[in-house]
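# A look at the structure
The chain contents come next:
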Amino acid sequence: MPNHPPQNLTIATTGASGSIFLRQLLLAVENDARVQTVNFIASDSGLRVLAEELGIKGRANLVRQILVGERTKTSVRTTPNNRSKIQEQSNADIGANVASGSYPADAMIVIPCSVGTLARIANGIASHLIERAADVSLKEKRPLVLCVRETPFNKIHIRNMYRAADAGATVFPLIPAFYYRPASLDDMAREFAYRVLAHLGLPQPNSFRWKD
Ligand SMILES: Cc1cc2nc3c(=O)[nH]c(=O)nc-3n(C[C@H](O)[C@H](O)[C@H](O)COP(=O)(O)O)c2cc1C
């Protein structure tokens, strides 16, 4: 873990259900001034699920489509040259910045993480950028958070979660809390995203805190 809040994040999304969690995470980092750079990677299956769950149409302007969705009317902060700090990288481009340990990425989140991507990460199969960047995170001893989503789990999934955790990843399953009584699905997903960010040293000012 860096001794400063992570400034350079890698966020990947894969073909598991839970696109609203990704949207809330991207909204939070886009509006968090501590985060300077986000490299965003979506697998082809991730794009398919985004289409099913958020009505995303194709890869064009993907980040903007996710951030300013038809259900979420939130203003999006941009840099002075009007570019989002979230830059998309192609999952096929194993020569992209985050494929190298020399690139100063601080932490990586896979949300949602399919059990297929979990399996590849847990077994060192780094044939696409998402798995390669995760592999680099582990070898460089940088935080890697895997928001795994499947139900029920078979023994292969459970073994792979163990293997990933044993290699240094945090298995952070897409299991939201209910004790703060979320008012909506977006509210539930936002609190979950805030928990992920707090885990990485980016606590969010408006997050729910349990009171004694
Ligand atoms: C609508 C939809 C929902 C899916 N939900 C899940 C899921 O929750 N978890 C999962 O592991 N796979 C799920 N899948 C299957 C994966 O997308 C599939 O195994 C894919 O090959 C994963 O590829 P990726 O890991 O490269 O993104 C879903 C597929 C679709 C079309």
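Just above sits the structure.
We now turn to the structure provided with this report. (Residues numbered from 1 in each chain as written. Predicted model: local features only at pLDDT ≥ 70, side-chain atom pairs only at ≥ 80, totals over all residues. Heavy atoms only, no water.)

## Notes on the site of the ligand
Gly 15, Ser 43, Ser 114, Thr 117 and Arg 149 are the nearest of the 13 residues found near the ligand. Here an oxygen atom of the ligand sits 2.6 Å away from a polar atom, N or O, in the side chain of Ser 43. The separation between a nitrogen atom of the ligand and a polar main-chain atom of Arg 149 is 2.6 Å. The fraction of the free accessible surface of the ligand (650 Å²) that becomes covered by protein chains is 66%. Elements that contribute at least two residues to the shell around the ligand include exactly helix H2 (44-54) and helix H4 (115-122). Ranked by the residues each element gives to the shell around the ligand, the list is headed by H4, at three residues. (Near = heavy atom within 4 Å. Polar contact = N/O pair within 3.5 Å; in protein donor to acceptor, adjacent residues only side chain to side chain. Areas by Shrake-Rupley, 256 points an atom, 1.4 Å probe, with all protein chains shown as cover. Helix = DSSP H or I, 4+ residues; strand = E, 2+ residues; numbered from the N terminus.)

## Side note on the packing of H4 against helix H5 (residues 129-139)
At a closest axis distance of 9 Å, the pairing of H4 and H5 adopts a crossing angle of 45 degrees. Here H5 runs oblique to H4, going by the angle between their axes. Taken as a pair, H4 and H5 cross one another with a handedness that is right-handed. Contacts from Thr 117, Arg 120 and Ile 121 in H4 reach Ile 130, Glu 131, Ala 134 and Leu 138 in H5. (Axes fitted to C-alpha atoms, helices over the stretch in contact; angles between N-to-C directions. Parallel < 35°, antiparallel > 145°, perpendicular 65-115°, else oblique. Left-handed = near helix turned anticlockwise from the far one by under 90°. Contact = heavy atoms within 4.5 Å.)

## Re a nonpolar patch on the surface
A grouping of Tyr 179, Phe 208 and Trp 210 is seen on the molecular surface, where their side chains present a nonpolar patch of about 390 Å² in accessible area. Assessed through its relative accessible area of 64%, Trp 210 is described here as exposed. (Patch = residues over 30% accessible without salt bridge, like charges linked within 9 Å, V, L, I, M, F, W, Y side chains within 5 Å. Salt bridge = Lys/Arg side-chain N within 4 Å of Asp/Glu carboxyl O. Buried < 20%, exposed > 50% of the residue type's maximum accessible area, 1.4 Å probe, protein only.)

## Describing H4
Those residues of H4 lying buried are Val 115, Thr 117, Leu 118, Ile 121 and Ala 122. Buried residues of H4, viewed axially, fall in a sector of 155 degrees; they line one side. On its buried face, H4 sits against strand S4 (107-113), H5, strand S5 (144-148) and helix H6 (155-166). Downstream of H4 by a residue or two, Gly 124 has a phi angle that is positive, lying close to 70 degrees. (Arc of directions from axis to C-beta.)

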